[in-house]
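# Architecture at a glance
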Amino acid sequence: MKQKFEFLVGIVVLTLMGIVLWKVANFDATSEPSNGTTVPVPAVPPGSEPTTPLPSEPISCPADAKQCPDGSYVGRVSPNCEFAACPVTVEDDDPITCLPDSRDADVCAEIYAPVCGLVQVQCITTPCDPVPETFGNSCSACSNANVISYTDGACQESEQI
C-alpha cells in the first residue's frame, strides 16, 4: 500500500513539474484577462533596473516589401520595422527625390522596375554634374547615398556616360 501511495505521489509531482516547465517555456509577456483583451505585463518592476543588459545588436526586420502607388517597392526599416515611406511622384517626367526614410531600407525587394538615378560624384579639381545611372528599382537607387533623385525607366544611352 505504501509503495502505491509513493508511486502516485511521484506521478503527481512529476506532472506538476511538467506543467510548471511548460508554462515557463511558453511564457508570453502578455496576459489575457477573461474579457479577451490583452494587457502587457511589465518585464521589470517599475523603479528598478533590468538585471540583464538589452541586446546591442541591430534589429533585423522581415524582408518583405510593400508596393507603392507609383509601382515602386519599399522595405521595412529599423528600429520599428515599419515600411519606408513611398516616394512622392509629381509628374511622370519629373525626377523623384529620395526621402530620408527610403535611404534607410535594410533590404530591397528583388523586383526589376528600372529607374534612372542621378548620382552625385566627387571631383577633385572642380565641381561635377551628377551622372545618370540605371538601377534595378527605386529602393536600390535610394539606398545608394550618392543618388539625388530618379526617374522611372532605364537611363537612355545618351544619358549614360
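Here the structure is shown first, and the text comes after it.
Values in this document were obtained by computation on a predicted structure and should not be read as measured data. (Residues numbered from 1 in each chain as written. Predicted model: local features only at pLDDT ≥ 70, side-chain atom pairs only at ≥ 80, totals over all residues. Heavy atoms only, no water.)

Attention now moves to the overall build of the protein chain. Counting its secondary structure elements, the protein chain contains three helices and nine strands. In sequence order, the protein chain lays out its α and β elements as α-β-β-β-β-β-β-α-β-β-α-β. Taking all 161 residues of the protein chain together, the buried fraction comes to 18%. Sequence-distant contacts in the protein chain: of pairs separated by 6 or more residues, those separated by 24 or more amount to 45%. For the protein chain, the exposed surface amounts to about 12,200 Å²; the carbon and sulfur share of it is 60%. (Helix = DSSP H or I, 4+ residues; strand = E, 2+ residues; numbered from the N terminus. Buried < 20%, exposed > 50% of the residue type's maximum accessible area, 1.4 Å probe, protein only. Contact = heavy atoms within 4.5 Å. Areas by Shrake-Rupley, 256 points an atom, 1.4 Å probe, with all protein chains shown as cover.)

What follows deals with the state of the cysteines. Applying the stated criterion to the full structure yields four disulfides. Between the sulfur atoms of Cys98 and its disulfide partner Cys142 the distance amounts to 2.1 Å. With the S-S bond torsion at -80°, the cross-link from Cys98 to Cys142 turns out left-handed. You can see Cys98 sitting in the loop between β6 (96–97) and α2 (100–103) and its partner Cys142 sitting in helix α3 (residues 138–143), a full 44 residues away along the chain. What pairs with Cys108 in a disulfide is Cys139, and their sulfur atoms sit 2.1 Å apart. One quick way to see it: the torsion about the S-S bond of Cys108 and Cys139 is about -75°, and its sign makes the bridge left-handed. Of this pair, Cys108 sits in the loop between α2 and β7 (115–119) while Cys139 sits in helix α3, and the two are 31 residues apart along the sequence. (Disulfide = S-S within 2.5 Å.)

Residue position: Ser138 is located in helix α3. Filtering out sequence-adjacent residues up to four positions away, Ser138 remains in contact with Ser72, Tyr73, Ala113, Val115 and Tyr150.

Pairing is antiparallel in the open sheet, where three strands are placed in the order β3-β4-β5. Pairing within the sheet leaves two strands with one partner each, and these edge strands are β3 (65–67) and β5 (82–83). Looking at chain direction, β3 and strand β4 (residues 73–77) are connected through three bridges and run antiparallel. If you follow Lys66 over to β4, its bridge partner there is Val74. (Pairing = 2+ DSSP bridges.)

Within the fold, Val119 resides in strand β7. For the pair Val119 and Asn146, spaced 27 residues apart in sequence, the C-alpha separation works out to 5.4 Å. Discounting chain neighbours no more than four positions away, the residues touching Val119 are Pro130, Val131, Glu133, Phe135, Asn146 and Val147.

Take the pattern of salt bridges next. Here the structure, examined in full by the defined rule, presents one salt bridge. In this structure, Arg76 and Asp64 form a salt bridge, with 2.8 Å as the shortest nitrogen-oxygen distance. One end of the pair, Arg76, is in strand β4; the other, Asp64, is in the loop between β2 (39–40) and β3, with twelve residues separating them in the sequence. Here Arg76 falls in the partly exposed class, since its relative accessible area comes to 21%. On the basis of relative accessible area, Asp64 is assigned to the partly exposed category, the value being 32%. (Salt bridge = Lys/Arg side-chain N within 4 Å of Asp/Glu carboxyl O.)

A separate point is empty space enclosed by the protein. The full count for this structure, using the stated rule, is one cavity of 30 Å³ or more. For the largest cavity, the calculated volume is near 60 Å³. Together, Ser72, Tyr73, Val74, Ala84, Pro87, Ser102, Ala105, Ser138, Cys139, Cys142 and Tyr150 line the largest cavity. Elements supplying a minimum of two residues to the lining of the largest cavity: β4 and α3. (1 Å grid on protein atoms, 1.4 Å probe; cavity = no way out; pocket = protein on both sides within 12 Å on 5 of 7 lines; lining within 4 Å. Points joined across faces, edges and corners; volume = space filled by probe spheres on them.)

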